Amino acid sequence: MDLERQKSAPICQALEQFQRRRVVPFDVPGHKRGRGNPELAELLGQKCVGLDVNSMKPLDNLCNPVSVIREAEELAADAFGAAHAFFMVGGTTSSVQSMVLSVCRAGEKIILPRNVHKSVINALILCGGIPVYVKPEIHPHIGVALGMEVASVEAAIRENPDAVAVLVNNPTYYGICSDLKAITQLAHAHGMKMLVDEAHGTHLSFGDDLPASAMSVGADMAAVSMHKSGGSLTQSSLLLLGKEMDVGHVRKIINLTQTTSASYLLLSSLDISRRNLALRGRESFAKVVRMAEYARSEINGISGYYAYGRELIDGVSVCDYDVTKLSVFTQGIGLTGIEVYDLLRDEYDIQIEFGDIGNILAYISIGDRIQDIERLVGALEDIERLYAKEGSSLYFGDFVQPEVVYSPQKPFYAEKEPLPIRRTAGRVTGEFVMCYPPGIPILAPGERVTEEIIEHILFAREKGCSLQGTADPGVDYLQVIKE
């Protein structure tokens, strides 16, 4: 990395120069630097609305960058060790979908774990690709899906030698890491592309004692959520490419779905955040690791909680662990993760990332302070003292892997009928059901509904999980394929 060059932020510098010129706007957006919408200017601030501008020659164009955006993308590629980087303003959902659409066409197979984000399956709906799922092992105590085992990936490749790519989500939302280097080498040895959903791994490129990043092990593409642990604005992301990828082809794929009116607030936040990480990332994330490990130690001193970490590493299902993830198993105090999540927000004014049936995740990043960690630990101790109960009646929050009857595109567009969810066992779903976050589908289009899955969905709803993906917001009905 060229540290001297990394001190530059070309998009931000171009915006600052543009502001000094006091250009009269006869273009969009129609609020005209906030003058046409004073309430918006009051809420967001005059400087913010003043930078909400349209693409123009001095500011370049994201669809075909030739000046400041192109330079900013080159700096991002240098910082992350990639051959090329694309600025993405549709979130990492857009980055993930662009990865899949770049390598997979109708009827082609892609090898992946079932516990992927919905954006992966959505991409398969769009392109008509065929998923070949590698079933992850489930941890017997905390009930979360573990990593992709190399032997399982190898078996899937042997059985599907015509697959075009392997996709791994690394690290998972819970911090679990697969043997990314071995899987990448395996995919390349069989002529397949290696794609990595690295939404939760922005920091891996800037840590001395963290799991390997996708680009460092030779992956072909990686989707990176800069807004999660990198400090940029929500909805801003990076798509990183290895040296074997066709940059022009990938840009054409991106431009199929990405907006032609890119927000310069998002673009400038990516530019500034990349500079910050390149110049100060290692120091910042060393501090994040220390805070997360301190919190983990303190929480494990409270009866009933289990804040897991590197002790999960077994070299097979868990090849590394991202210690910045403060994932805590809560069923030891007789409460589901979503119940603890709600208590922290409603009673203690603490907003954590998510709670599911068995776990909570507190996202520790560069903006956190030790006093915030102390407040979280104190609140969890208080919840254990005031709300803990017998946990024998709790549903075990394991990951259910449904039977795949059809690839997702056909059932998504097929004729469907709504049925009361209790009457759908045995039928094939035509829609998603998922808790969000983390956005991993309990059911995806083309999968068979079972009594176990119905109970899982209803228990999640009863405990307060945010269920999404269904036409019926209350999830009393489920759309299944007409027979």
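Rules used throughout
- Residues numbered from 1 in each chain as written.
- Predicted model: local features only at pLDDT ≥ 70, side-chain atom pairs only at ≥ 80, totals over all residues.
- Heavy atoms only, no water.
- Pairing = 2+ DSSP bridges.
- Helix = DSSP H or I, 4+ residues; strand = E, 2+ residues; numbered from the N terminus.
- Axes fitted to C-alpha atoms, helices over the stretch in contact; angles between N-to-C directions.
- Contact = heavy atoms within 4.5 Å.
- Core = buried A, V, L, I, M, F, W, Y, C linked by side-chain atoms within 4.5 Å.
- Buried < 20%, exposed > 50% of the residue type's maximum accessible area, 1.4 Å probe, protein only.
- Parallel < 35°, antiparallel > 145°, perpendicular 65-115°, else oblique.
- Left-handed = near helix turned anticlockwise from the far one by under 90°.
- Nonpolar A, V, L, I, M, F, W, Y, C, P; charged D, E, K, R; others polar.

The next thing to look at is the sheet that holds strand β3 (residues 130-134). Strand order in the open sheet made by the 7 strands is β1-β8-β7-β6-β4-β2-β3, with mixed pairing throughout. Of all strands in the sheet, those bounded by a partner on one side alone are β1 (84-88) and β3. Taken over all neighbouring pairs, the strand axes of this sheet differ in orientation by 20 degrees on average, direction set aside. Two strands pair when backbone bridges link them, and strand β4 (residues 165-169) and strand β6 (residues 193-198) are joined in this way by 5 bridges, in the parallel orientation. By the bridge assignment, V168 is partnered in β6 with V196. Against the sheet, helix α4 (residues 68-80) engages β1, β7 (221-224) and β8 (237-241), with an angle of about 120 degrees to β1. Packed on one face of the sheet, helix α8 (residues 180-189) meets β4 and β6 and runs near 150 degrees to β6.

The next subject is the nonpolar core. Core analysis: the largest hydrophobic core is formed by 101 residues, its most contacted members being V166 and L344. Looking at this core, the element that brings in the most residues is helix α11 (residues 264-299), giving 12 residues. With sequence-adjacent residues up to four places away left out, L344 is seen in contact with D349, I350, I352, I360, L376, A379, L380 and I383. Ranked by size, the runner-up nonpolar core spans 33 residues in total, among them C127, L241, M245 and I254.

For the rest of this paragraph, the subject is the packing of helix α5 (residues 91-103) against helix α6 (residues 118-127). Contact geometry for α5 and α6: axes closest at 9 Å, N-to-C directions at 45 degrees. Of the possible angle classes, the one that applies to α5 and α6 is oblique. Between α5 and α6 lies a crossing whose hand is right-handed. Judged by residue contacts, T93, V96, Q97, V100 and L101 of α5 engage S119, V120, N122, A123, L124, L126 and C127 from α6. When the residues that make up the contact of α5 with α6 are grouped by side-chain class, the tally is 8 nonpolar, 4 polar and no charged.

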